[in-house]
Amino acid sequence: MRAVIAGAGVAGLSSAIALRKQGIEVTVLERASAAQEIQVGGCIHVWHNGMRGLQRIGVGERLLELAGAAAVVDRAEFCTSGGRLMYGWSVREIERQVGSPTFGVRRPDLHRVLLDAVDQRNVRFGETCVGFEQDNEGVKARLASGGEEQGDVLIGADGMHSALRAQLPGATEPRYAGYVSWQAIARVDSDVIPVGLFRVVWGRAARFLFYRIGAEEVYWEGTFAAPAGGGEPVQERRQAVLERFHGWPQPIQTIVQATDTSAITRADMYDRPTSKHWGVGRVTLIGDAAHAMTNALGQGANQAIEDAVVLARCVAAEDPVKGLRNYEAERIPRTTKFASMSWSLARASRLHNPLACALRNGGLTIGFRMGFARQHPKEMDYSF
């Protein structure tokens, strides 16, 4: 069997590794002209379920080694902008139960580990998939260059703006989540932020989170409600963040002060409304192409990794077409839950009225527990 995968991001490479482990030949088509163009960006938090999937496809321990012990989370906390702890739990206790830690990692490091595992000879750079044709014998991916690539199945891992999704039933347009995200990495000593701490702080129409990605570095994100399309000059971003989160509990100001203003990125946040249809015939979708969600829950990449494990198991066990439908039947309900929860959290983060925020904070305590239970890896079959 031969699988063609459009896109060499986390979803595409994870699925390529998983499929190869099942003895399926893979060709990955990537629009970027070189790996270095993809190996950019901020950080990803690998939650327990994502790590369980990475361990299953054989790259989890390598990634953890690269991230380092200081990136592993011991305790997670959710607080108010007034400094009150809403909910906290021992992450190490969950790790002991499931055998999979949770940790922060630079996105380029994750991508390099995945690319090494899939073997770059299976990846063709500079190839953009613009559509497909299929019949009873196979499927052809049509390329912007005028060429084509044939396989038994075609996996659309080409992101939120997937060209393959546009050709499938149930395609929806991206929608603005109503908030903007500032993100950066700062050098912060462990006496300011203890090793092992993951914290999210909720305030009026804003949220701030941080976690370590190493012994000396911290990743942080500040989100706030705003219309799409705005922005400030790069040289003014640090000051803008300091003003927006003025009066919030330490170490927020210390973290932002320690950040080079040129390192701060700003982006409008989007998702896609959930769909009950990911594919037809020999074609399906994976990752953001299938279920793009806001970053409010931190599950986008983790759900893509889960997708890859299930996809490989289903395709290897059945006739290719039946295998793809079984994959969709298993994954659509679970990813829909996460996408819906992420959208709800995004809406909650935009609340400004003090009374509404107080009611939100009470509800979040229950919501955090429900959300964490759903991402628990014991809910999912990771076997091949």
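Note that the coordinates shown come from a computational prediction; the quantities given were computed from them, not determined experimentally.

**Student:** I'd like a description of the overall build of the protein chain, backed by residues and values.
**Tutor:** Along the backbone of the protein chain there are eleven helices and 17 strands. For the protein chain, the spread of C-alpha atoms along the principal axes amounts to about 65 × 45 × 35 Å. Within the protein chain, counting contacts between residues at least 6 apart in sequence, those at least 24 apart form 74% of the total. About 15,400 Å² of surface is accessible on the protein chain, with carbon and sulfur atoms providing 49% of the total. Side chains of the protein chain carry 44 positive and 41 negative charges; the gap between the two charge centres is 6 Å.

**Student:** How would you explain the sheet that holds strand β13 (residues 197–203) if you had to name every residue and give the values?
**Tutor:** The strand order across the open sheet formed by seven strands is β5-β4-β13-β14-β15-β12-β16, and the pairing between neighbours is mixed. Looking at strand neighbours, the two that pair on one side only are β5 (85–90) and β16 (265–271), the edges of this open sheet. Pairwise comparison of adjacent strand axes, ignoring direction, gives a mean angle of 15 degrees for this sheet. Along the sheet, helix α4 (residues 91–98) contacts β4 (75–80) and β5; its crossing angle with β5, the most-contacted strand, is approximately 35 degrees. Lying over the sheet, helix α10 (residues 320–349) contacts β12 (175–187), β13, β14 (206–212) and β16, oriented at roughly 80 degrees with respect to β12.

**Student:** Run through the sheet that holds strand β9 (residues 139–143), naming residues and quoting values.
**Tutor:** If you trace the three strands from one edge of the open sheet to the other, you get β8-β9-β10, paired in antiparallel fashion. On the outer flanks of this sheet lie β8 (129–134) and β10 (148–151), each paired with one strand and no other. Across this sheet, the average inter-strand angle for adjacent strands is 25 degrees, counted without regard to direction.

**Student:** Requested: an account of the nonpolar core, with residues and values cited.
**Tutor:** Formed by 68 residues in total, the largest nonpolar core has its most connected members in Leu 19, Leu 54 and Phe 103. For this core, the leading source of residues is helix α9 (residues 300–317), giving ten residues. When sequence neighbours within four positions are dropped, the list of residues in contact with Leu 54 reads Val 46, Val 59, Gly 60, Leu 63, Leu 110, Leu 114 and Ile 305. Counting residues in hydrophobic clusters, the runner-up holds 32 residues, among them Ala 177, Tyr 179, Leu 297 and Ala 348.

**Student:** Can you lay out the side chain of Asp 158 for me, pointing to particular residues and giving the numbers?
**Tutor:** Mapped onto the elements of the fold, Asp 158 is located in the loop between β11 (153–156) and β12. Among the polar contacts listed, one links the side chain of Asp 158 to the backbone nitrogen of Leu 164, at a separation of 3.5 Å. Ignoring sequence-local partners within four residues, the contact set of Asp 158 consists of Ala 6, Arg 31, Ala 163, Leu 164 and Ala 289.

**Student:** Can you explain the pattern of salt bridges? Please cite residues and give values.
**Tutor:** The full count for this structure, using the stated rule, is 24 salt bridges. Across the pair Arg 75 and Glu 77 runs a salt bridge, and its minimum N-O distance is 2.9 Å. With its nearest N and O atoms 2.8 Å apart, the salt bridge here joins Glu 306 to Arg 331. Taken together, the positions of Glu 306 in helix α9 and Arg 331 in helix α10 put the pair 25 residues apart, joining distant regions of the chain. Here Glu 306 matches Arg 331 in class, with each residue buried. Each of Arg 2, Glu 25, Arg 124, Glu 127 and Glu 149 takes part in salt bridges that share partners, so that together they form one network.

**Student:** Explain the environment of Ala 6 to me, and be specific about the residues and the numbers.
**Tutor:** As for its position among the elements, Ala 6 is in strand β1 (residues 2–6). On a C-alpha basis, the gap between Ala 6 and Ala 240 in space is 38 Å, while along the polypeptide they are 234 residues apart. For Ala 6, the residues in contact, after removing those within four places along its chain, are Leu 29, Cys 129, Ile 155, Gly 156, Ala 157, Asp 158 and Leu 164.

**Student:** Quick one: what's the story with the packing of helix α3 (residues 60–67) against helix α5 (residues 107–118), residue by residue and with numbers?
**Tutor:** Viewed as axis vectors pointing N to C, α3 and α5 meet at an angle of 145 degrees, and their least axial separation amounts to 10 Å. In this structure, α3 crosses over α5, and the sense of that crossing is right-handed. The residues of α5 that touch α3, namely those facing Arg 62, Leu 63 and Leu 66, are Asp 109, Leu 110 and Val 113.

Quick notes on the rules
Residues numbered from 1 in each chain as written. Predicted model: local features only at pLDDT ≥ 70, side-chain atom pairs only at ≥ 80, totals over all residues. Heavy atoms only, no water. Helix = DSSP H or I, 4+ residues; strand = E, 2+ residues; numbered from the N terminus. Contact = heavy atoms within 4.5 Å. Areas by Shrake-Rupley, 256 points an atom, 1.4 Å probe, with all protein chains shown as cover. Lys, Arg positive; Asp, Glu negative; His and termini not counted. Charge placed at Lys NZ, Arg CZ, Asp CG, Glu CD. Pairing = 2+ DSSP bridges. Axes fitted to C-alpha atoms, helices over the stretch in contact; angles between N-to-C directions. Core = buried A, V, L, I, M, F, W, Y, C linked by side-chain atoms within 4.5 Å. Buried < 20%, exposed > 50% of the residue type's maximum accessible area, 1.4 Å probe, protein only. Polar contact = N/O pair within 3.5 Å; in protein donor to acceptor, adjacent residues only side chain to side chain. Salt bridge = Lys/Arg side-chain N within 4 Å of Asp/Glu carboxyl O. Left-handed = near helix turned anticlockwise from the far one by under 90°.

Everything listed here is a matter of coordinates, which is why it stays silent on function.
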